[in-house]
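# Examination of the molecular architecture
The residues making up each chain are set out below.
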Amino acid sequence: MKYPEIHNCAELTVFVDKIGFLPLLSSGIAGWSAEDIVDEDCQYVKLPDGGWEWPLWEWKSSVIQESGCAYGKFFNKKAGFISKDWWTDFCNWRRHIIPYPTQGSIEEAILLTLHENCSMITRDLRSACGFIGKNMRSRFDTFLTKLEMGGYIVTEDFIYPYDKHNHRYGWGWSLLTTPETLFGYDSCHTDISPEESYMKILSHFKKMLPEESEQSLKQIIG
């Protein structure tokens, strides 16, 4: 399916609201990602001095803030946007197939820590949960990804460090929170069944990606 070419952050924000579900980077489905549809000037460019420019990467915060969408690793463990109109159904279905963590589990400890602090950047949350030392970052990220895939954690914003010259640098840190904290309790709970939410989402995906097989769409939805 051919989507319009995106030239700026405002256009991407409008498109996320319109399409409902959109991975940030290439998803394995041709054309279905922000990376696929932004114009050439918005793509990653490595600079001669070793730095880089990537307008699309820097738009993430603005899209989240201006559209009120959810952002996280939702699509086969890859990051992307879900519009506020579709979040409730997505959350309803994903929490059905990925139940709330068991008492005493690491996943529960992560969520409790996040609830107590409202929002935390990834490295601070990792440290607070005791994941300190060699290879702990990748281990912790595995638990985070599962919680994001389940609709229990979202990215509220991105925080960037600054050097002594007040120049921003690096890829940015995810400011994590729970969707209940960010959107409110009602946005994460509905009276309809998870199966009804699933069928609504599947119907939407069939319209959004008509050339994909139903099996392929089911793998994305989960």
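Read on for an overview of the structure. The structure presented is a predicted model; accordingly, all values stated were derived computationally and were not measured. (Residues numbered from 1 in each chain as written. Predicted model: local features only at pLDDT ≥ 70, side-chain atom pairs only at ≥ 80, totals over all residues. Heavy atoms only, no water.)

Looking only at helices and strands, one finds 10 helices and eight strands in the chain. For the chain, the C-alpha radius of gyration of 18 Å lies close to 17 Å, the compact-globule estimate for 222 residues. In terms of overall dimensions, the chain has C-alpha extents of about 55 × 45 × 30 Å along its principal axes. Out of the 222 residues belonging to the chain, those deemed buried represent 45%. Partitioning the intrachain contacts of the chain with sequence separation of at least 6 by distance along the chain shows that 57% fall at a separation of at least 24. Total accessible area on the chain stands at roughly 11,800 Å², and carbon and sulfur atoms take up 51% of it. Side-chain charges in the chain split into 22 positive and 31 negative, and the spacing between the mean points of these groups amounts to 6 Å. (Helix = DSSP H or I, 4+ residues; strand = E, 2+ residues; numbered from the N terminus. Rg over C-alpha atoms; globule rule 2.2 N^0.38 Å. Buried < 20%, exposed > 50% of the residue type's maximum accessible area, 1.4 Å probe, protein only. Contact = heavy atoms within 4.5 Å. Areas by Shrake-Rupley, 256 points an atom, 1.4 Å probe, with all protein chains shown as cover. Lys, Arg positive; Asp, Glu negative; His and termini not counted. Charge placed at Lys NZ, Arg CZ, Asp CG, Glu CD.)

It is worth spelling out the packing of aromatic side chains at this point. The description of an aromatic ring pair uses the distance of the two centres, along with the angle that the planes make with each other. For the structure on display, the rule yields 21 aromatic pairs. Geometrically, the ring pair formed by Y44 and W54 is edge-to-face, given 5.4 Å between the ring centres and 75° between the ring planes. Here the residue Y44 occupies a position in the loop between α2 (34-37) and β2 (45-46), and W54 occupies one in the loop between β3 (52-53) and α3 (55-67), the gap between them amounting to 10 residues. Three or more aromatic residues joined by ring pairs make a cluster, and in this case those are F21, W32, F74, F75, W86, W87, F90, F183 and F205. (Phe/Tyr/Trp six-rings, centres within 6.5 Å; stacked < 30°, edge-to-face > 60°.)

The next point concerns helix α4 (residues 84-97). The end-to-end C-alpha distance of α4 is 21 Å, a good match for the 20 Å that 14 residues give at a rise of 1.5 Å each. At F90, α4 shows its strongest bend, of approximately 25°. Buried residues of α4: W86, W87, D89, F90, C91, N92, W93, R94 and R95, and no others. (Expected span 1.5 Å × (residues − 1). Bend = angle between axes of the 7 residues up to and from the residue.)

Moving on to the state of the cysteines. All told, the structure shown has zero disulfides when counted by the stated rule. You can see C188 has no disulfide; the closest cysteine sulfur is in C91, sitting 4.4 Å from it. (Disulfide = S-S within 2.5 Å.)

This part takes up the pattern of salt bridges. Pairing is possible between side chains that carry opposite charge, provided their charged atoms lie close to one another. A complete count under the given rule lists five salt bridges for this structure. Note that K146 is salt-bridged to E107, the shortest N-O span being 3.7 Å. With K146 in helix α7 (residues 136-149) and E107 in helix α5 (residues 106-117), the pair connects residues that are 39 residues apart, well separated along the chain. When its relative accessible area of 46% is taken as the criterion, K146 is described as partly exposed. E107 gets classed as buried once you look at its relative accessible area, which sits at 13%. A salt bridge links K206 to E214; its shortest N-O distance comes to 3.0 Å. Note on K206: relative accessible area 38%, which makes it partly exposed. (Salt bridge = Lys/Arg side-chain N within 4 Å of Asp/Glu carboxyl O.)

A separate point is the nonpolar core. One finds F21, W32 and F205 to be the most contacted residues of the largest nonpolar core, which totals 47 residues. Residue contacts for W32: discarding those within four places in its chain leaves Y3, I19, F21, L22, P23, S27, F75, F205, M208, L209 and I220. Membership of the second largest hydrophobic core comes to 15 residues, among which are I110, F131, F140 and L144. (Core = buried A, V, L, I, M, F, W, Y, C linked by side-chain atoms within 4.5 Å.)

Moving on, we get to the sheet that holds strand β5 (residues 78-82). The strand order β1-β5-β4 describes an open sheet built from three strands, whose pairing is antiparallel. Each end of this open sheet is capped by a strand with a single partner; those strands are β1 (21-23) and β4 (70-75). Mean inter-strand twist for the sheet, computed between neighbouring axes without regard to direction, equals 40°. When β4 meets β5, the two strands line up antiparallel, connected through five bridges. Paired with G72 across the strands is G80, a residue of β5. (Pairing = 2+ DSSP bridges. Axes fitted to C-alpha atoms, helices over the stretch in contact; angles between N-to-C directions.)

The subject of this paragraph is the sheet that holds strand β7 (residues 154-159). Read from one edge to the other, the open sheet built from three strands follows the order β6-β8-β7, with strand pairing classed as antiparallel. Every interior strand has two partners, whereas the edge strands, β6 (119-121) and β7, have only one. The average undirected angle you get between the axes of adjacent strands in this sheet is 30°. Where β6 and strand β8 (residues 173-177) come together, three bridges link them in antiparallel fashion. Bridge assignment links S119 to a residue of β8, and that residue is T177. Of the strands in this sheet, β6 and β8 touch α5, which is tilted by about 110° from β6.

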